[in-house]
Amino acid sequence: MRSEFDGLMRSPMGRRALLKYLGYASLLGGTGVLAACRQDVTQTGTDQGASPTARPGIEEEPGVLRVFTWAGYELKPVWKPYRQAGYPEPKFSFYTNTEQALAKTAGGQDWDIAHPETSYIQDYVNIGAIQPWDTSLIENFDQLNPMLQRAGQLDGQQYEIVTDWGYSAPIIRTDHLDPSIKSYSHLFDPAASGHISWFDTPWILMMAGLTLGMSGDEVFDMTPEQLEEAKNFAIDRKKHLYNIWVDFTQMWDDVRKGVVWAAYSWPDTFAVLHAEGVPVAYIRPEEGTLSWAEGLVLHAETENYYHAHEYANSWASAEVGQWLIENYAYGHANLNVDLSNVDPDVVKVFGLDDPEYNLSEPVSYIDRWLPNRAAYNRAWDEVKAA
Amino acid sequence: MSVPNPDAAISLVDVHKRFGDVRAVDGVTLDVAEGEFLTLLGPSGCGKTTTMRMIAGFEEPDAGRILLRGHDVVGVPPNRREVNMCFQHYALFPHMNVEDNVAYGLKLRKVPKEERRRRVAEMLEVVRLEGFEKRRPGQLSGGQQQRVALARALVNRPAALLLDEPLGALDVKLRKQMQLELKRIQHELRTTFVYVTHDQEEALSMSDRIAVMNRGVIEQLGTPREVYERPATPFVADFVGVLNAIEFRADEVRAGEAVMRLGDGDRIVAPAPDGRIGGAAIVTVRPERIRVHTPDEPVVGDSRVSGTVGQVVYLGTLTQFHVELAGGRRLIAHRLSDERAASILEGDRVVLSWDRDDAAIVRD
Amino acid sequence: MTTTARVELSAPPVAPRARRRRGLLGLLAAPTGFLALFFLVPVLMVAAYSVGLLTLLPHDLYLSLQPWRDFFASETHVGLFWKSVRLSVVVSAVSVLLAYPIAYALALVAGRRKYTLLLVILAPFLTSYLLRVLAWRVILGDEGLIITLLRDVGVLGPEGQISWLFYSPFAVYVVLAYVWVPFVALPIFVTLDGMDRDLLEASHDLGATRWTTFLRVTLPLSVPGVVAAFVFVFIPTIGEYVTPLLVGGPNGFFFGNAIQGAILQGFDWQFGAAMAMFLVGTVTVLLVLFGRYLNVRAVAE
């Protein structure tokens, strides 16, 4: 079992976090220069309603896809069906966090396909960078989890083919904390004082909101009063923290050693530690599990329209899904993924056997666009500064 | 083992100092009298600076005794010895003004403020820098800085002042002025001065006595006149002043003198007080004691040699003639630059003469 | 006489001096251009973002001082600035205090081995910064050297913790001081090494003990080096964010982190740019003051 999760060390979500904190100079310099000499993306019209009949056929397209994605998603198994169909190898470029990706896009970086989380789809639409997919061109589309695909829609248009997902929830040491308490309150528990580890994200505020009794829909759109309440609660409970982790492998180590009893974590943490035999439990809170989801978006001015759809189709296949789950412990949107090689405990905890149910409300709340994101960030800043 | 003079300001008894394999000071014994101006003269590496630093306390001797006014000071650190030093590059504290520099030693001794002010002003008067109290070292010329350094050391009324080539960094004219100044100050204050230099002219003009050092030993200790006119060793003879040296072979020894004949009536006569000359010997004579005669002039003198003028060097007051003799020998003669001297040119045949007692025989 | 006339008749040649000046300008053009393009231009662009002259995202405000107003109105963020200033002052002071004896020993005591020892002290810079910072986890962390030692000796219970040792502001202070000490030792070493040894001997000769010589001569003369060292540490430390991220823990959030957060996480480029420009402004003012101080000293001497 262990060997299958070796690939977890290259887990993009985790590397995302680490690289997030290691790629600044290039961001400020590079995107700054780009922004200065950008072609104004907002001004060029978005080609949203271009009828397929006006497009050149697939044979006339340049053919080499430019894919802008997380490091780890360029590996061959991930686009295997695309390759097997005989299409040319895509050109990959990478970003270390979504904000960087968006900033670069606004600065004029060209790509055909990108891979953002669902909460940023609106931002891409706002800068006029993307157009909706034509799902009729994607064979595997009906195999995909409708709950997830709904998260990829805006104004009824499928702007994102949602491909992978995971949870952000507490992982606890069962030898110190009670796994029967299915709540985000573990992350704010005074009884675990000195042994709690958060991640650096405003999502802590949402978890605080859920713990305080707000509903799943409310936490994604808090009123200023609610935000204030969540913020103060987080500030109050901050004193019980051991640390705010930056490197997920460090967090794994802390949980492994029993130094940390409750940590903000993604599914890969459970998969790895459980396989090692560490007494941990991954909590699916009754308030609803916050899940993130991400997938492919299509550039508004792509010249590889049909190739892109083929690529998306490849991503949506069960084959790729199986590889993703076995190697990165991320959920995949395809409902027909073969789970026979996955640890049954993992399947049970993450509800991989019934993803439709598990990803529908009120069991889970999928990440969506925050209208008042700036307020969340300022509030989170205040929590960190406290 | 010599007994130190109890009245001496400074006594060194058989002092030795080695640095690794090098014997810097190899058995130096010396008494410096109260109020004396004594110079340690020698080339670099002769041990003069090391000797001085041992008196000051910056080096400790490997063997021997050092006494200051009768007190043994070996092992006593420099800040508790009653001598002060003047450095070649002045070592004025750049972050203090002249007054604070000069008062430094007094402040350390907790001399009260008023008395300090008075003594500093007095000393600045002595070195002729009245009114310079508030200036900073960076604003002073080399000569002024040296005087401040002097004042800083002397204001403490030390038993002796040690000066380590203090005028080395000054230009010639200023140096000569400062030499006179130093001499005057020393007379006025009657402080014992121990002076280190490699400049024999300086030593001759300023000192009461000179200790000529070479390779860690004192080759001669005497007054300037003694050292200059009667050098005790070839080294001293060569180092102090310009000196002519010719290999001497006695052809005849008679009452108190030895004669070497060189043919053509040339002869060199030198005093031989003990009546005997050993095997190899050198006869020395100072250039200014040699008379230069043109062929038409009468020659008077015990020694006389003829030769050809090789080079004429005009030195202002003196004219220097380099004369080549038979047998490859050379002599340098000095003559006041009068009209006669000006008429002697290179290539001319001349006769050189000098009196018997102006020469000296020095054994090798 | 004829030769001079001939020279006057022909056309005056380009003075060699002017040609040399042009050559010098050409030579300077490359590095100046580099500096302008990769330093000045980005700084100006950040300044432009902070006032809305340049905007990135559709919701950014165009030509507005609102980001600046938001910054000065935010108690949290202004408070973070002062927190960083405090950090800088303490870290700079501690570094200088620790580095001074090292520099002193190297310059005035080590003798012939001083340059070798200097290399030894600078050797850690050959290793990765991240490694050196994370190595502190081994010393200060739970299950680290100190805690284990205290547990073995009995001062702490078998499960005892000292929470403020690591993942805390304390850790940030310690790690930063540790990282800076070798850097800081260098300017102080240079100043002390360049000091005229005769001054020390003169001081001794005039009756001072070693300690008095240090207080009255060595220390005052080393002040320029010390001040340079202090500023050398102070300025980068105000904006420090990496070390707080790595070892600062929940309370190790500083001004640099706020800027980084605003720009990289929060999509709040304008706010972040305003904060960044404030930092640049503060640092510039400090540099100017420091430069004036140095000039004044030079004149006084």
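Since the model is a prediction, treat every value here as computed from it, not as a measurement.

Definitions and limits used
- Residues numbered from 1 in each chain as written.
- Chains lettered and ligands numbered in written order.
- Predicted model: local features only at pLDDT ≥ 70, side-chain atom pairs only at ≥ 80, totals over all residues.
- Heavy atoms only, no water.
- Helix = DSSP H or I, 4+ residues; strand = E, 2+ residues; numbered from the N terminus.
- Rg over C-alpha atoms; globule rule 2.2 N^0.38 Å.
- Buried < 20%, exposed > 50% of the residue type's maximum accessible area, 1.4 Å probe, protein only.
- Contact = heavy atoms within 4.5 Å.
- Areas by Shrake-Rupley, 256 points an atom, 1.4 Å probe, with all protein chains shown as cover.
- Pairing = 2+ DSSP bridges.
- Axes fitted to C-alpha atoms, helices over the stretch in contact; angles between N-to-C directions.
- pLDDT = per-residue confidence, 0-100.
- Salt bridge = Lys/Arg side-chain N within 4 Å of Asp/Glu carboxyl O.
- Domains from an automatic or database assignment.
- Buried area = accessible area lost by both parts, 1.4 Å probe.
- Polar contact = N/O pair within 3.5 Å; in protein donor to acceptor, adjacent residues only side chain to side chain.
- Nonpolar A, V, L, I, M, F, W, Y, C, P; charged D, E, K, R; others polar.
- Core = buried A, V, L, I, M, F, W, Y, C linked by side-chain atoms within 4.5 Å.

### Comments concerning the overall build of chain C
For chain C, the helix and strand inventory stands at 13 helices and zero strands. Ordered by position from the N terminus, the helices and strands of chain C form the series α-α-α-α-α-α-α-α-α-α-α-α-α. In terms of overall size, chain C is more extended than a compact globule, its C-alpha atoms giving a radius of gyration of 27 Å where 301 residues would be expected to give roughly 19 Å. Oriented by its inertia axes, the alpha-carbon framework of chain C measures out at about 105 × 75 × 35 Å.

### Things to note about the overall build of chain A
Broken down by element type, chain A carries 16 helices and 14 strands. By the burial criterion, 61% of the 386 residues in chain A qualify as buried. Counted over contacts in chain A with a minimum sequence separation of 6, partners at least 24 positions apart contribute 77%. Carbon and sulfur atoms make up 50% of the accessible area of chain A, which totals about 13800 Å².

### With respect to the environment of Tyr104 of chain B
With respect to the secondary-structure elements, Tyr104 of chain B resides in helix H2 (residues 98-108). Exposure remark for Tyr104 of chain B: the relative accessible area of 1% places this residue in the buried category. Filtering out sequence-adjacent residues up to four positions away, Tyr104 of chain B remains in contact with Phe93 and Met96 of chain B together with Ser203, Leu206, Ala208, Thr213, Arg216 and Val217 of chain C.

### Considering the sheet that holds strand E2 (residues 22-32) of chain B
Residues and elements named next belong to chain B. Across the sheet, four strands lie side by side as E2-E1-E4-E5; this open sheet has antiparallel pairing. Of all strands in the sheet, those bounded by a partner on one side alone are E2 and strand E5 (71-72). Along the sheet, helix H1 (residues 48-56) makes contact with strand E1 (10-19), E2 and strand E4 (63-68), crossing E1 at roughly 120 degrees.

### Focus on the confidence of the model for chain C
Residues and elements named next belong to chain C. Overall, the predicted model of chain C reaches an average pLDDT of 83, with 91% of residues at or above 70. Model confidence for chain C, summarised as mean pLDDT per element, is weakest for helix H1 (residues 2-9) at 44 and strongest for helix H9 (residues 197-205) at 92. Ignoring residues within four places in sequence, the model shows residues 1-10, a span with pLDDT below 50, making zero contacts including any to other chains. Taken over the whole predicted complex, pTM reads 0.73, whereas the ipTM for its chain interfaces reads 0.78.

### Quick word on the pattern of salt bridges
Residues and elements named next belong to chain B. Per the counting criterion, the structure on display carries 48 salt bridges over all chains. With its nearest N and O atoms 3.3 Å apart, the salt bridge here joins Asp26 to Arg23. For Arg291, the salt bridge goes to Asp355, with nearest N and O atoms at 3.0 Å. Placement of the pair is Arg291 in strand E16 (residues 291-293) and Asp355 in the loop between strand E20 (349-354) and strand E21 (359-363), with a sequence separation of 64 residues.

### Some points on the domain arrangement of chain C
All names here are of chain C. Under the domain assignment used here, chain C contains domain 1 (1-50) and domain 2 (70-300). Distance from the C-alpha centre of domain 1 to the C-alpha centre of domain 2: 41 Å. Listed as interface residues are five residues of domain 1 and, on the opposing side, seven residues of domain 2. Contact between domain 1 and domain 2 buries roughly 480 Å² in total, counting both sides, with carbon and sulfur atoms accounting for 84%. On the domain 1 side of the contact with domain 2, Val46, Tyr49 and Ser50 bury the most area, a combined 77% of that side's loss. Viewed at the interface, domain 2 and domain 1 are joined by zero residue pairs in polar contact (both at pLDDT 80 or more). Per-class residue counts for the side of domain 1 that touches domain 2 are four nonpolar, one polar and no charged.

### Focus: the domain arrangement of chain A
Residue and element names in this part refer to chain A. One can read the domain layout of chain A as domain 1 (6-165 + 291-366) and domain 2 (168-289 + 369-385). The interface of domain 1 with domain 2 comprises 32 residues on the first partner and 27 residues on the second. Interface of domain 1 and domain 2: buried area, both sides summed, is about 2500 Å²; carbon and sulfur atoms make up 65% of it. Arg373 is the partner of Asp123 in a salt bridge, and the nearest nitrogen-oxygen pair spans 2.7 Å. At the boundary of domain 1 with domain 2, the tally comes to nine residue pairs in polar contact (both at pLDDT 80 or more). The greatest single-element share of the side of domain 1 that touches domain 2, amounting to five residues, is contributed by helix H1 (residues 12-20). Class assignment for the residues of the side of domain 1 that touches domain 2 results in 18 nonpolar, nine polar and five charged.

### Let's talk about the side chain of Thr118 of chain A
Residue placement: Thr118 of chain A occurs in the loop between strand E3 (113-114) and helix H5 (121-126). Other than its neighbours up to four places away in sequence, Thr118 of chain A contacts Ala151, Glu160, Val162, Ala293, Glu294, Ile366 and Asp367 of chain A.

### Section: the pairing of strand E9 (residues 209-214) of chain B
All names here are of chain B. Judged by how many residues are buried, E9 sits mostly within the fold: five of six residues are covered. As defined by bridge partners, strand E3 (residues 37-41) adjoins E9 across four bridges and the pair is classed as parallel. Bridging across to E9, Thr39 finds its partner in Ile210. Linking two consecutive strands that pair antiparallel, namely E9 and strand E10 (residues 217-222), is a turn of two residues; a positive phi of about 50 degrees is found at Arg215 within it.

### Some points on the sheet that holds E9 of chain B
Residue and element names in this part refer to chain B. Across the sheet, which stays open at both edges, the six strands sit in the order E6-E7-E8-E3-E9-E10 with mixed pairing between neighbours. The open sheet has two edge strands, strand E6 (83-86) and E10, and neither has a second partner. The mean inter-strand angle of the sheet, taken between neighbouring strand axes irrespective of direction, is 20 degrees. Across five bridges, the pairing between E3 and strand E8 (residues 192-197) is parallel. Within E8, the position partnered with Leu41 by the bridge is Thr197. Running at roughly 145 degrees to strand E7 (residues 160-164), H1 makes contact with E3, E6, E7, E8 and E9 of the sheet.

### Points about the arrangement of the chains
Ranked by contact count, the leading pair among the two pairs of chains in contact consists of chains A and C. Nowhere do chain A and chain B come into contact; their C-alpha atoms are at least 44 Å apart.

### Re the nonpolar core
If you look at the biggest cluster of nonpolar residues, it comprises 182 residues, and the most contacted ones within it are Trp133, Trp198, Tyr264, Leu290 and Tyr311 of chain A together with Ile188 of chain C. By residue number, the principal contributor to this core is helix H8 (residues 169-193) of chain C, which donates twelve residues. Sequence-distant contacts of Tyr311 of chain A, defined by excluding residues within four places in its chain, comprise Leu65, Val67, Tyr73, Trp79, Tyr82, Pro90, Phe92, Ile113 and Leu296 of chain A. Listed in part, the 42 residues of the second largest apolar core include Ile10, Ala24, Phe87 and Phe93 of chain B.

### Notes on H2 of chain B
All names here are of chain B. The element H2 is largely enclosed, with a buried count of nine among its eleven residues. Capping the start of H2, Asn97 holds a side-chain oxygen 3.3 Å from the backbone nitrogen of Glu99, two or three residues further along. Following H2 by one or two positions, Lys110 adopts a phi angle in the positive range, close to 60 degrees.

### Remarks on H1 of chain B
Along an α-helix, residues three or four apart share an orientation, since each turn contains 3.6 residues. All names here are of chain B. A large share of H1 lies buried, amounting to eight of its nine residues. Taken residue by residue, H1 has Lys48, Thr50, Thr51, Met52, Arg53, Met54, Ile55 and Ala56 as its buried positions. Looking one or two residues beyond H1, the residue adopting positive phi is Gly57, at roughly 105 degrees.

### Considering the interface of chain C and chain A
Across the boundary between the two partners, chain C contributes 31 residues, which contact 43 residues of chain A. Where chain C abuts chain A, roughly 3500 Å² becomes buried across the two surfaces, and 63% of that area is made up of carbon and sulfur atoms. The largest per-residue losses of area from chain C upon contact with chain A belong to Leu264, Gln265 and Phe267 of chain C, which jointly make up 20% of the total buried on that side. Between chain C and chain A we count two salt bridges in total. In this structure, Asp70 of chain C and Arg378 of chain A form a salt bridge, with 3.8 Å as the shortest nitrogen-oxygen distance. On inspection of chain C and its partner chain A, the count reaches six residue pairs in polar contact (both at pLDDT 80 or more). Among the secondary structure elements, those contributing two or more residues to the side of chain C that touches chain A are helix H2 (16-50), helix H4 (75-109), helix H12 (255-265) and helix H13 (269-300) of chain C. Sort the elements by how many residues they give to the side of chain C that touches chain A and H12 of chain C lands first, with five residues.

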